[in-house]
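Structural features, examined
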Amino acid sequence: MNLFLKLKKASLSWLLVFVTAASVANPADSLCLWYNAPSKNWNEALPVGNGSLGAMIFGRYDTERIQLNEKTFWSHDDDVLDQPNAYKHLKKVRQLLFEGKYKEAEELAQEKIMTPRLPSGTNAYQTLGDLFIRFPEKTVSNYRRSLNLNNAVSQVSYSINKTPFSEEIFCSAPDQVLVIRMKTEGKELLNAFVELNRTQTHPQISVEGQGILMKERAGRKKGVTAWTYLKAVPLNGGKIIPAQNGLEIKQAKECLIVLASASNFRNLIKDPEQEAKKRVRNAISKGFTQLKKAHTQDYSRYFSRVKLNLGCAPDYYFPTNQRLEAYKKGHPDKGLIELLYHYGRYLMISSARSNTLPANLQGIWADGLSPAWNSDYHININLQMNYWLAEPANLPEIHQSLFSFLDFLRERGRKTARSTYNARGFMGNHATDVWGQSAPVGKNVWGLWPMGGAWLCRHLWEHYEFTQDEKFLKEQAYPIMKEAALFCYDYLVKHPKTGEYVAGPSTSPENSFIAPDGSTASICMGIAMDQQIITDLFENCIKASETLGTDKKFRRQLKQRKAQMAPARIGKDGRVMEWPQEFEEKEKGHRHMSHLYALYPGEQFTWQKTPEFMKASKKVIEQRLKHGGGHTGWSRAWMINFFARLREGNTAKEHVDMLLKKSTLPNLFDNHPPFQIDGNFGFTAGVTEMLVQSHAGEIVLLPALPNDWKDGSVRGIRARGAFEIDMSWKNGKIAALRIKSLKGKHCRISFNKQTYEFSTQAGESYTLAHIKTLQSL
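In what follows, the accompanying structure is described.

Reading the values: the criteria
- Residues numbered from 1 in each chain as written.
- Predicted model: local features only at pLDDT ≥ 70, side-chain atom pairs only at ≥ 80, totals over all residues.
- Heavy atoms only, no water.
- 1 Å grid on protein atoms, 1.4 Å probe; cavity = no way out; pocket = protein on both sides within 12 Å on 5 of 7 lines; lining within 4 Å.
- Points joined across faces, edges and corners; volume = space filled by probe spheres on them.
- Helix = DSSP H or I, 4+ residues; strand = E, 2+ residues; numbered from the N terminus.
- Nonpolar A, V, L, I, M, F, W, Y, C, P; charged D, E, K, R; others polar.
- Salt bridge = Lys/Arg side-chain N within 4 Å of Asp/Glu carboxyl O.
- Buried < 20%, exposed > 50% of the residue type's maximum accessible area, 1.4 Å probe, protein only.
- Pairing = 2+ DSSP bridges.
- Axes fitted to C-alpha atoms, helices over the stretch in contact; angles between N-to-C directions.

Remarks on empty space enclosed by the protein
As enumerated under the stated definition, the model contains seven cavities of 30 Å³ or more in all. As for the largest cavity, its lining consists of 22 residues, and the residues nearest its centre are W388, P392, E462, Y600 and R720. Secondary structure elements with two or more residues in the lining of the largest cavity: α11 (452-467), α18 (678-691), β27 (692-693) and β29 (712-719). Here the lining of the largest cavity gets five residues from one element, more than from any other, and that element is α11. Split into classes, the residues belonging to the lining of the largest cavity amount to 10 nonpolar, five polar and seven charged.

What to know about the pattern of salt bridges
Tallied over the entire structure, the rule returns 48 salt bridges. Here D175 ties to K286 by a salt bridge, and the two come within 2.4 Å at their closest N and O atoms. With D175 in the loop between β8 (163-172) and β9 (177-184) and K286 in helix α4 (residues 272-286), the pair connects residues that are 111 residues apart, well separated along the chain. The class for K286 is partly exposed, based on a relative accessible area of 43%. Between E698 and R748 there is a salt bridge; the shortest N-O distance is 3.3 Å. Residue E698 is located in the loop between β27 and β28 (699-701), and its partner R748 is located in strand β32 (residues 747-751); the two are separated by 50 residues in the primary sequence. Of the residues examined, E698 reaches a relative accessible area of 13% and is grouped as buried.

Considerations on the sheet that holds strand β26 (residues 584-585)
Pairing in this open sheet of three strands is antiparallel, and the strands run β24-β23-β26 from one edge to the other. The two strands at the open ends of the sheet, each matched to only one other strand, are β24 (520-521) and β26. Looking at chain direction, strand β23 (residues 513-514) and β26 are connected through two bridges and run antiparallel. What sits directly across from I514, in β26, is E584.

Focus on the sheet that holds strand β2 (residues 46-49)
Strands pair in a sheet through their backbones, by hydrogen bonds, and they do so in one of two ways: parallel or antiparallel. Taken together, the seven strands give an open sheet; going across it, the order is β2-β3-β4-β5-β10-β15-β14, and neighbouring strands pair in antiparallel fashion. Unpaired on one side and paired on the other, β2 and β14 (239-243) mark the two borders of the sheet. For this sheet, the mean inter-axis angle between neighbouring strands, taken without regard to orientation, is 20 degrees. For strand β5 (residues 129-134) and strand β10 (residues 190-197), the ladder comprises five bridges, and the chain directions are antiparallel. Bridge pairing in β10 links L131 to L196.

Here it is as structure tokens:
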């Protein structure tokens, strides 16, 4: 039989046959976080957002607090500048490292290359302020607050003297506003006082009729200034009475509050104050019903693409915090895993859109003036992990927020490449911000690591791999990838003893080792992660230039240099080596697993081509875990992805359990500690990787399925080659399958211990029955 047989499009009748493993679809509440008490603190509040504007809803019935964020609201109290003439000392640092004089190299690099770290909070992502709604003292019953992931609407409801009260809140992307509708349905009328404030500072606040305007600047000097405008409108009787610093709602049956914020960030908005007022005015003219409809339609076009069922029992009728506590005590709850999986997708949609800044360390939600690590962009894993889910979990458009930011980083990255590293192209050090900071900052152990830009370029290639969009590859991805490759090409130098090309000086992110003289060192030449990232970037640039038919000379140069680079190596103890020599780790249970980049998210280590490195990678992980590794939320999420690639489903599931038990807050935010959103996103990526993989030249279904998930289904997962997959499984075997070809690429797919290859046509779908008519390989 012809292996490239053109298959028929999947019929509607087959779609009707495709059922979940549980046979009965879960009700809407299965994807709902809900609680039977108001939040006591920020880690219990519920997040809503539209990619630009974010809010944390406390659900309190005495004084409701809604903490606000606007994504561009950053302080800018000082500039981080490159160390003058740093490049002049680079050769000497390298010489000392090659000679094994690590202490001297550390001291010289720290003095002459590193830029002093600014005080915490200097250039930080800050809270916009708070919206308070103060209610009269009352006794309530039947309390419930919730966040529905299906429509991105939060609700608070309770009864006052048997009169139902409800508060419905969402953050609309189409209208760029936060919408609150309060309503009573009985004798008790609505009375409340509404105010905007930023209690940590002294913003300018003015009451204008039925509106409140708050103007505030982030930080002390050059920070962003934002104008936040709120208006309250009674919808069914009652009055809005202006008062000092706020608005009084009197005797209303229903009230609509609409809030918008705009800033002078990069002068993108000509008149931010008028823009905020315009957004509010336009939204109110549409009315609550139309606002909610537009919001729901916009959000659902992203969220509804993926469905997941792990054959769970319906535990959704218990409050989410109680389910989480029960899980910690050993009560199985597959539905909670499903909820956390979709929560990651919800948080991505809510904290980033194609035309916004990317999700930062806390997505879009951060309280205070000095959040942990400034809630910035750490690019030695954290920002990358934020976007691991974007392609496989079917949110490719949102990936654009990262690509635009990467393009922006090039300007400063070019300057640092020249002034600090004497190299062409651009680079990014371990952390950056909305001002494009690129200098090596702070201590060598975390700051002397210029591979951030090169790592981010993997996301450009991944987007092409998943979409097969050659226009994107040509116009956006390849120019950035090439420029990062130029830096890496120049940063590589020939080792005087081995003749191999190695990168450096550099650190294995945030880790250190014991040098031969017994001192603690962090930098050397030929760090495993750097070599892997550069190899990965060179390979992807070579493939991109071949696809586009361009840059033959540069392609040859990359191929030649790649062949000359020091390869990954396995030590005498059977582990992948983190440093070029078998140094002892200073911290044996370190949270970073940098030298396993080639396992995940890279693809140099695979069972198909390098089984010896897969085994050596497992030994690395076992050693780290033995000494307490994986203890942070994001590190635990990385473990899920590692074991998915190792095809050890039961072990991956153990880390799913550990993340829920040890690193998940009551509102299901990931706990580093404190809250960091990368663990949420990494969790969703990891569960997806357990179900579908496509990095090694073929699509593999259920590569790391744990015994506990023997029956289930998933819809809408994306695979490289521009394929979309719906499947269900029974007793660990594929029972129903539909694979849609989006670009007509050749398909190689493995499942149920069989491998099939066939040609496809764009827009056509292929079912299990059709694929089984082919001869397996």
